[in-house]
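Coordinate inspection notes
In case you want the letters, here they are:
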Amino acid sequence: MTGERILLIEDSDELRPFLAGTVLTGAGFDVMSAADGSEGLVLARDLRPDLIVADHQMPSMSGLEVLDALNQEGIAPPFILITSEGSEALAVQALRAGVNDYLIKPFDPDELVEAIKRTLARYWKRQIAEHVPMQLYETNLQLEGRLRELDTLVEIGKRVTGALDLREVLNRVVEAAVSLAKADEGTLLLVDPPTGELYLYASAGGDEGLARQQLRLQVADSLAGQVIQKKKALVITGEQLQKIKTHYFFRSLLYVPLTVKDQAIGVLGVTNRDTGGDFEPHTLQLMRVLADFASIAIDHARLYELSEQERNTLNTILRDTEDVIIVTDEYNCVMFCNPAAGEMFNIEGDSFQGRPLTEVVSHEGVLELFKKEARTGRSRRSEIIVDEGSVVLNAQLTIIEGVGRVAVMQDITYLKEMDRIKSDFVTTVSHDLRSPLTAILGYIELLRRTGPLNESQQQFADRITGSVSSISKLIEELLELGKIEAGFDEDREVVFLAPIIYQAVEAVSHQAQSKQLRIEIDVPEDDVPPLLGHSLRLRQVVANLVENALKYTPEGGWMRISLENNKGLLLLRVTDSGIGIPKKDQPYIFDKFYRTDEAVDNYPGTGLGLSIVKSVVEAHGGRVWVNSQVGIGTTFSVMLPAHNPESGS
Ligand code: ADP
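Quick summary incoming for the structure in this document. (Residues numbered from 1 in each chain as written. Predicted model: local features only at pLDDT ≥ 70, side-chain atom pairs only at ≥ 80, totals over all residues. Heavy atoms only, no water.)

Brief notes about the overall build of the protein
Short version of the rule: Here a helix means four or more residues in a row that DSSP labels H or I, a strand means two or more in a row labelled E, and each is numbered from the N terminus. The globule rule is 2.2 Å times the number of residues to the power 0.38, and the radius of gyration it is compared with is taken over C-alpha atoms. Burial classes follow relative accessibility: with a 1.4 Å probe on protein chains only, a residue under 20% of its type's maximum area counts as buried, one over 50% as exposed, and anything between as partly exposed. Two residues qualify as a contact provided that any one of their heavy atoms is within 4.5 Å of a heavy atom in the partner residue. In these tables, accessible area is a Shrake-Rupley quantity obtained with a 1.4 Å probe, and a residue counts as shielded only by the protein chains included in the view. Counting rule applied: Lys, Arg positive; Asp, Glu negative; His and chain ends not counted. Taken as the charge centre is NZ of Lys, CZ of Arg, CG of Asp or CD of Glu, depending on the residue.
The helix and strand tally for the protein stands at 18 helices and 25 strands. Relative to a compact globule of 649 residues, whose C-alpha radius of gyration would be 26 Å, the protein shows 54 Å and is clearly more extended. Each principal axis of the C-alpha distribution contributes one length, and for the protein these read about 180 × 60 × 50 Å. Within the span of the protein, comprising 649 residues, buried residues form 41% of the whole. Summarising the internal contacts of the protein: among those between residues at least 6 apart in sequence, 58% fall at separations of at least 24. Total accessible area on the protein stands at roughly 36,400 Å², and carbon and sulfur atoms take up 53% of it. Charge-centre separation for the protein: the mean point of 64 positive side chains lies 6 Å from the mean point of 96 negative side chains.

Given below as structure tokens:
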């Protein structure tokens, strides 16, 4: 099956169907037939056959006349003439008219098929010989054009990634759009975020003045607005002139949106005025690539601007802050020093950049801070004394992965001074208040000795003594609490709780006996690790809890003190069978001066004991809580982290 389309023009009603059907269709051709010359001519024009087989002698129009007509129209395909009389004159005439082959009736049908095949083969050979070089040439030209387009795109791509001047990049994009699209004019409109209006950012081709002035012009261009809204390209080609920007006429237009993170931020457009033609089909593709470049350039420029702003803000903060800041890289070379650091440690200008810290700063305290950090591998805090104590800095060194170490130092000279004044005050007040109280107690004692006192005098003297001892206790506890809260007791040593418990119980044993209280101690012989703490303060915690249990438990009751080690956490429990604490009071009993109504009415106390317990426990990284039921008893639980010699806690 060859499939070529053959037009058979034959007026003989016997021969035509035979040749068309049996012979030619049988040989695999796609056959059309006409009964005379004029019909054949019409079919030849319409169907453009690959080859025509025509009889010569036909009533209205001869085969050669059909060929002449087709030649004149320039659409003659290969032609085979059939004739019943072979004459030399006709043969010459046929050859001149361009007939490719010539058969004389009667002929063998196979001869016709052969002639058709031969003619078609020769024809295609010639066609290829004539046209292929031309087509190759044209394809070559097209490829060269594409290469130039690609060159332009690559060059713009490089600018987008390399250049930071947005104006320059976008001007180049618009120029490239005009040249690649072979357009009259190109524009780049951007959306003004606050108003949503479009303004002309760059243009090329048309109004050169605009391009040169690079003005921000408002553009009332509804077609561009449409592109922004739909985030889709718009192509208009047409016969009629159309109007945009209220005064501008064009014949064809191509607009593509600029999008950043799925937001349309502008429009890249090319237009041809009345003189220009339509755009080539692949122009839309090129424009899309250019629009992508423009979007990337705008996004980069915005990101760059943002990071510049942030960098400037950060620089201003670091420069203007009064805190001393020193940053080193992972090899302990200085990356940054702010002016405060320069002033504090006599570092000149930018001389520090990239130099080892030891060459930049000579202060032992600072070098030690950076060294210590390297040893422990953790952030740490220390006090740095400058100028023989006239300045004290609180330094905090932090490791930042991928950067290095950052030391921030605040001037705490003023706080240190305040601290000293407070300590002096605490000592003075405690001394000055205690002395008169001691004197009162002394005189009461003298009064008793110089006595004899009558019964009510004796009672009054007892009350004075009781009140003085409550005031003394109050002052003592207040001062203690002040010291604890101020963090004066930061010294830590290895402390075992078991001996502290035994001592606290020993201290109250006399009173316990007189109240007939049973005391149980449940402390394992060994297996309870120590903790890292302030021994005196921890004694206070245990003593306060034990004293409370004793105080708030009526005669004949009991108390139990237990200690256990729970996976590195020490759990101390002081339980009593005392009066209990009402539910409503339980959230507040650790507050300063808070006492239950029952305690206020019937038991002496300051309301400070549990505040001290809580402050001390928390300063040791622990927790304290209470479980209690009125009339049944109370349990205070204290949880403290055990000493772990490996981690240092
Ligand atoms: P103080 O005992 O001097 O009043 P605390 O701060 O030690 O002050 O205790 C606060 C309050 O908590 C007490 O006034 C009392 O109401 C209650 N409380 C403390 N311990 C017990 C206890 N073991 N049993 C009953 N109530 C207690």
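What about the site of the ligand?
Where we set the bar: The rule for a residue being near a molecule or strand is that one of its heavy atoms must lie within 4 Å of it. Whenever two N or O atoms come within 3.5 Å, that pair is a polar contact, provided that in protein one can donate a hydrogen and the other can accept it, and provided that, for residues adjacent in sequence, both atoms are side-chain atoms. Lining residues are defined by having an atom within 4 Å of a point belonging to a cavity or pocket. Those points lie on a 1 Å grid over the protein atoms alone, cavities being sets where a 1.4 Å probe fits but cannot get out and pockets being open sets with protein on both sides within 12 Å along at least five of seven lines. Pocket occupancy is defined atom-wise: a molecule lies in a cavity or pocket when more than half of its atoms are within 2 Å of its grid points.
Around the ligand sit 20 residues in total, of which N548, Y552, R595, T596 and L610 are the nearest. Residue Y552 places a side-chain N or O atom 2.8 Å away from an oxygen atom belonging to the ligand. Between the ligand and T596, the relevant distance is 2.8 Å, taken from an oxygen atom to a side-chain nitrogen or oxygen of the residue. Alone, the ligand offers 520 Å² of accessible surface; in the complex the protein occludes 98% of this. More than half of the atoms belonging to the ligand lie within 2 Å of the grid points that define the largest pocket. Elements represented by at least two residues in the shell around the ligand include exactly α16 (535-551), α18 (609-619) and β25 (633-641).

Overview of the packing of helix α3 (residues 63-73) against helix α4 (residues 88-97)
To keep things clear, this is the line we draw: Axis definition: a line fit to C-alpha positions, over the contact stretch in the case of helices; interaxial angles, taken between N-to-C directions, run 0 to 180 degrees. Oblique is the label for any angle not covered by the other classes, which are roughly parallel (under 35 degrees), roughly antiparallel (over 145) and roughly perpendicular (65 to 115). Left-handed describes a crossing whose near helix is turned anticlockwise from the far helix through less than a right angle; right-handed describes the clockwise counterpart. All amino acids are sorted into three groups, where Ala, Val, Leu, Ile, Met, Phe, Trp, Tyr, Cys and Pro are nonpolar, Asp, Glu, Lys and Arg are charged, and the leftover types, Gly among them, are polar.
Contact geometry for α3 and α4: axes closest at 10 Å, N-to-C directions at 20°. Judged on the interaxial angle alone, α4 and α3 are roughly parallel. For the crossing formed where α3 meets α4, the hand is left-handed. Residues L64, L67, D68 and N71 of α3 form the contact with α4, whose participating residues are L90, Q93, A94 and A97. When its residues are assigned to classes, the contact of α3 with α4 shows five nonpolar, two polar and one charged.

Topic: unusual backbone geometry
Glycine aside, residues mostly have negative phi, and peptide bonds are mostly found in the trans state. For the bond from K105 to P106, the omega torsion is -10°, close enough to zero to count as cis. Tracing the backbone through its elements, the reader meets P106 in the loop between β5 (101-104) and α5 (109-162). Even without being glycine, K182 reaches a positive phi, approximately 50°. With respect to the helices, strands and loops of the structure, K182 is situated in the loop between α6 (166-181) and β6 (185-192).

Some remarks on the packing of helix α14 (residues 455-485) against α16
Contact geometry of α14 with α16 gives a least axis separation of 13 Å together with a crossing angle of 135°. The orientation of α14 relative to α16 falls into the category oblique. Read as a crossing pair, α14 and α16 show a hand that is left-handed. Contacts from K473, E480, K483 and I484 in α14 reach R537, Q540 and E547 in α16. In the contact of α14 with α16, the residues fall into one nonpolar, one polar and five charged.

Brief notes about a nonpolar patch on the surface
Heads up, the condition is: Note on patches: the residues involved have over 30% relative accessible area and no salt bridge, like charges join within 9 Å, and the nonpolar side chains Val, Leu, Ile, Met, Phe, Trp and Tyr join within 5 Å. The term salt bridge refers to a pairing of a side-chain nitrogen on Lys or Arg with a carboxyl oxygen on Asp or Glu at a separation within 4 Å.
Together, W124, I128, V132 and L136 give the surface a local cluster of nonpolar side chains, amounting to about 380 Å² of exposed area. Take V132: its relative accessible area is 33%, and that puts it in the partly exposed class.

A few points about the side chain of D55
Among the secondary structure elements, D55 is positioned in strand β3 (residues 51-55). Among the residues examined, D55 registers a relative accessible area of 2% and is labelled buried. Those residues in contact with D55 that sit more than four places away from it in its chain are I9, E10, D11, S62, G63, L81, I82, T83 and K105.

Digging into the sheet that holds β5
Quick reminder of the rule: Paired strands, as defined in this entry, are two strands with at least two bridges between them according to DSSP.
With parallel pairing, five strands are arranged side by side in an open sheet as β2-β1-β3-β4-β5. Edge positions in the open sheet fall to β2 (30-34) and β5, since each of these has one partner strand only. Shown here is a sheet whose adjacent strand axes are inclined to one another by a mean of 20°, direction ignored. Relative to strand β4 (residues 79-83), β3 runs parallel, the two sharing four bridges. Looking at the pairing, I52 lines up with F79 of β4.

Re helix α2 (residues 37-47)
Which entries qualify depends on this criterion: Here the arc refers to the directions that run from the helix axis out to each C-beta atom.
Taken together, the buried positions of α2 are G37, G40, L41 and A44. Along α2, the residues classed as buried sweep out an arc of 100° about the axis, all on the same side. Residues of α2 that are buried make contact with β1 (5-9), β2, β3 and α3. At the N-terminal end of α2, a side-chain oxygen is found 3.2 Å from the backbone nitrogen of S38, two or three residues along, and the residue is D36. Positive phi shows up at R48, right after α2, with a value of about 45°.

Focus: the nonpolar core
Rules: In this text, buried Ala, Val, Leu, Ile, Met, Phe, Trp, Tyr and Cys residues form a nonpolar core when linked through side-chain atoms within 4.5 Å.
Judged by nonpolar contacts, the single largest core of 42 residues is most densely connected at L545, I561 and F636. Residue assignment for this core shows that the elements contributing at least two residues are α14, α15 (497-514), α16, β22 (558-566), β23 (569-576), α18, β24 (623-629) and β25. Apart from the residues lying within four places of it in its own chain, the contact partners of I561 are I501, V505, I519, E520, I521, D522, V546, L572, R573 and V574. Within the second largest apolar cluster, 36 residues are counted, among which are L188, A202, F279 and M287.

Structural notes on the pattern of salt bridges
A full pass over the atoms with the stated rule returns 20 salt bridges. Between E520 and R560 there is a salt bridge whose closest N-O contact spans 3.5 Å. Of the two residues, E520 is situated in strand β20 (residues 518-522) and R560 in strand β22; the sequence distance between them amounts to 40 residues. A relative accessible area of 31% places E520 in the partly exposed class. The class of R560 is partly exposed, set by a relative accessible area of 32%. What you see here is one network of salt bridges that share partners, running through E10, D55 and K105.

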